[in-house]
Amino acid sequence: MKKILLTGAGGQLGRCIRDILNTRSDMEYVATDVMASPSEGIAALDLTDAEAVEEIAGSGFDFIINCAAYTAVDKAEDDLELCRAVNALAVGNIGAAAARCGIKVVHISTDYVFSGDACRPYTPADPVNPRSVYGTTKLEGEWQLADSMQGQDYVIIRTAWLYSPYGNNFVKTMLRLGKERDSLNVVADQIGSPTYAPDLAQAIIKIVDSDYFEAGIYHYTDEGVASWFDFTMAIMELAGIRDCVVSPCTTEEYPAKAHRPAYSVLSKKKIRDVYGVETPYWRNSLKTCINILTK
Ligand SMILES: NC(=O)c1ccc[n+]([C@@H]2O[C@H](COP(=O)([O-])OP(=O)(O)OC[C@H]3O[C@@H](n4cnc5c(N)ncnc54)[C@H](OP(=O)(O)O)[C@@H]3O)[C@@H](O)[C@H]2O)c1
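Residues numbered from 1 in each chain as written. Predicted model: local features only at pLDDT ≥ 70, side-chain atom pairs only at ≥ 80, totals over all residues. Heavy atoms only, no water.

Peer 1: Where do I start with the overall build of the chain in this structure?
Peer 2: Along its length, the chain carries 10 helices and 13 strands. For 295 residues, the compact-globule estimate of 2.2 N^0.38 gives 19 Å, and the chain sits close to it at 19 Å. In terms of overall dimensions, the chain has C-alpha extents of about 55 × 40 × 35 Å along its principal axes. Burial statistics for the chain: of 295 residues in total, 52% are counted as buried. Taking as baseline every contact in the chain between residues at least 6 positions apart, the subset at least 24 positions apart corresponds to 82%. (Helix = DSSP H or I, 4+ residues; strand = E, 2+ residues; numbered from the N terminus. Rg over C-alpha atoms; globule rule 2.2 N^0.38 Å. Buried < 20%, exposed > 50% of the residue type's maximum accessible area, 1.4 Å probe, protein only. Contact = heavy atoms within 4.5 Å.)

Peer 1: How should the pattern of salt bridges be read in this particular structure?
Peer 2: Summed over all chains, the structure comprises 18 salt bridges. For Lys104, the salt bridge goes to Asp211, with nearest N and O atoms at 4.0 Å. Taken together, the residues span a long stretch of sequence, with Lys104 in strand S5 (residues 104-110) and Asp211 in the loop between helix H7 (197-210) and strand S11 (216-219) at a distance of 107 residues. Glu223 is paired through a salt bridge with Arg272; the nearest N and O atoms lie 2.6 Å apart. Placement of the pair is Glu223 in the loop between S11 and strand S12 (226-227) and Arg272 in helix H9 (residues 269-275), with a sequence separation of 49 residues. By sharing partners, the salt bridges in this structure join Lys2, Lys104 and Asp211 into a single network. (Salt bridge = Lys/Arg side-chain N within 4 Å of Asp/Glu carboxyl O.)

Peer 1: Would you explain the sheet that holds S11 in this entry?
Peer 2: Hydrogen bonds between backbone groups are what pair the strands of a sheet, and the pairing can be parallel or antiparallel. Spatially, S3-S2-S1-S4-S5-S6-S11 is the arrangement adopted by the 7 strands of the open sheet, whose pairing is parallel. A single partner strand is all that each edge strand has here, and the edge strands are strand S3 (42-44) and S11. Across the sheet, the mean angle separating the axes of adjacent strands is 25 degrees when strand polarity is ignored. By the bridge criterion, 4 bridges tie strand S4 (residues 63-66) to S5 in an arrangement that is parallel. Counterpart to Phe63 in the pairing with S5 is Lys104. (Pairing = 2+ DSSP bridges. Axes fitted to C-alpha atoms, helices over the stretch in contact; angles between N-to-C directions.)

Peer 1: In this structure, what is going on with the site of the ligand? I would like to understand it.
Peer 2: By nearness alone, 25 residues border the ligand, and Leu13, Asp33, Thr71, Tyr134 and Lys138 come closest of all. One of the backbone nitrogen or oxygen atoms of Gln12 is found 2.9 Å away from an oxygen atom of the ligand. Asp46 is positioned such that a nitrogen or oxygen atom in its side chain is 2.9 Å from a nitrogen atom of the ligand. Surface burial for the ligand is 78%, taken as the share of its 900 Å² of free accessible area covered by protein chains. Of the residues forming the shell around the ligand, the biggest block, 3 residues, is contributed by S5. Taken together, the residues of the shell around the ligand break down into 13 nonpolar, 9 polar and 3 charged. (Near = heavy atom within 4 Å. Polar contact = N/O pair within 3.5 Å; in protein donor to acceptor, adjacent residues only side chain to side chain. Areas by Shrake-Rupley, 256 points an atom, 1.4 Å probe, with all protein chains shown as cover. Nonpolar A, V, L, I, M, F, W, Y, C, P; charged D, E, K, R; others polar.)

Peer 1: Would you explain the environment of Gly192 in this entry?
Peer 2: Along the polypeptide, Gly192 turns up in strand S9 (residues 191-192). In this structure Gly192 comes out as buried when scored by relative accessible area, which is 0%. With 73 residues separating them along the chain, Gly192 and Val265 place their C-alpha atoms 4.8 Å apart.

Peer 1: What is the right way to read the packing of helix H8 (residues 228-239) against helix H10 (residues 282-294) from this model?
Peer 2: When two helices pack together, their arrangement is given by the angle between the helix axes and the distance between those axes. H10 packs onto H8 with a crossing angle of 50 degrees between their chain directions and a minimal axis gap of 10 Å. Taken together, the axes of H8 and H10 lie oblique to each other. The handedness of the crossing between H8 and H10 comes out as right-handed. Of the residues in H10, those touching H8 at Asp230, Phe231, Ala234, Ile235, Glu237, Leu238 and Ala239 are Trp282, Arg283, Leu286, Lys287, Ile290 and Thr294. Considering only residue class, the contact of H8 with H10 consists of 8 nonpolar, 1 polar and 4 charged. (Parallel < 35°, antiparallel > 145°, perpendicular 65-115°, else oblique. Left-handed = near helix turned anticlockwise from the far one by under 90°.)

Peer 1: Even after reading the chapter, I still don't get a negative patch on the surface, so can you show me in this structure?
Peer 2: A contiguous patch of negative charge, built from Asp46, Asp49, Glu51 and Glu55, is present on the exposed surface. Inspection of the secondary structure puts Asp49 in the loop between S3 and helix H2 (50-57). (Patch = residues over 30% accessible without salt bridge, like charges linked within 9 Å, V, L, I, M, F, W, Y side chains within 5 Å. Lys, Arg positive; Asp, Glu negative; His and termini not counted. Charge placed at Lys NZ, Arg CZ, Asp CG, Glu CD.)

Peer 1: Hey, could you run me through the environment of Arg181 in this one?
Peer 2: Mapping Arg181 onto the fold places it in the loop between helix H6 (170-180) and strand S8 (183-187). Taking relative accessible area as the criterion, Arg181 reaches 43% and is therefore assigned partly exposed. Distance in space between the C-alpha atoms of Arg181 and Ala239 is 15 Å, their sequence separation being 58 residues. Ignoring sequence-local partners within four residues, the contact set of Arg181 consists of Asp243 and Cys244.

What follows is the structure, encoded as structure tokens:
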């Protein structure tokens, strides 16, 4: 029986992982988040509290899957201290406790560690250059984990453009706006790979299943590329929304507080080669999600 500590269990990815763990009789898990949710079986664990992390880590876990993060990208620009505490210092707390207790760690990071100036998919070995508080603190989190675990069993998975039936995300926003509005302008000069969080959750559980940890950084997104405009057109088409005209616009025409990478396509070669994970085509996964959300 594998024993897992799942952190950030109330967030989008955390909930997708719980959906899988709930079907696995060979895995036992404790779900935690910054706020307890007794109705969902989630206990309170603030990862910025090093003593609390140390204490729970001593309960005989084999794995920690860390889905917790400060993910409000624009708000982060004015909230460096808390963002750094959650995205960097807390990850150091996890790494230190895991190293002491011999626990393997899967931690999630982001495409925002890159500048987005590239024109071919980023590999895990490519130079980083974050241009936002969120990206900078997530990169610091990667460093904290690597430093604290000193080559012990950890895997960092950078991902991008997550959506799912849970929480607030781009797909749910566009489904709502598509019904409320006659027209929408959507950014067409930022390119990435829409990624269904349940697909990433499957990849994470496959790594846990393998029991083989080759310490380092990996990239996972769904397959294929799109702009936010392409993504929106696909959402409207698959959801049968025809009364909203979607038009492309530029990043300049739709300013945001935090810098977004113009190009955030990630190479999945390493995670495929080492763990044999599948990377479904993004439109196929989008169809699955829309079916769930519009049912
Ligand atoms: N969403 C994306 O498009 C995207 C893209 C690239 C990478 N990622 C990464 O993927 C991972 C999962 O993202 P997600 O979309 O599932 O994020 P999410 O829905 O925002 O979930 C993050 C969870 O962490 C919790 N949390 C915040 N501070 C905490 C603390 N001090 N201690 C314990 N838990 C805390 C949050 O609670 P509150 O909600 O109460 O704050 C939330 O439940 C994150 O590492 C994120 O950086 C996400």
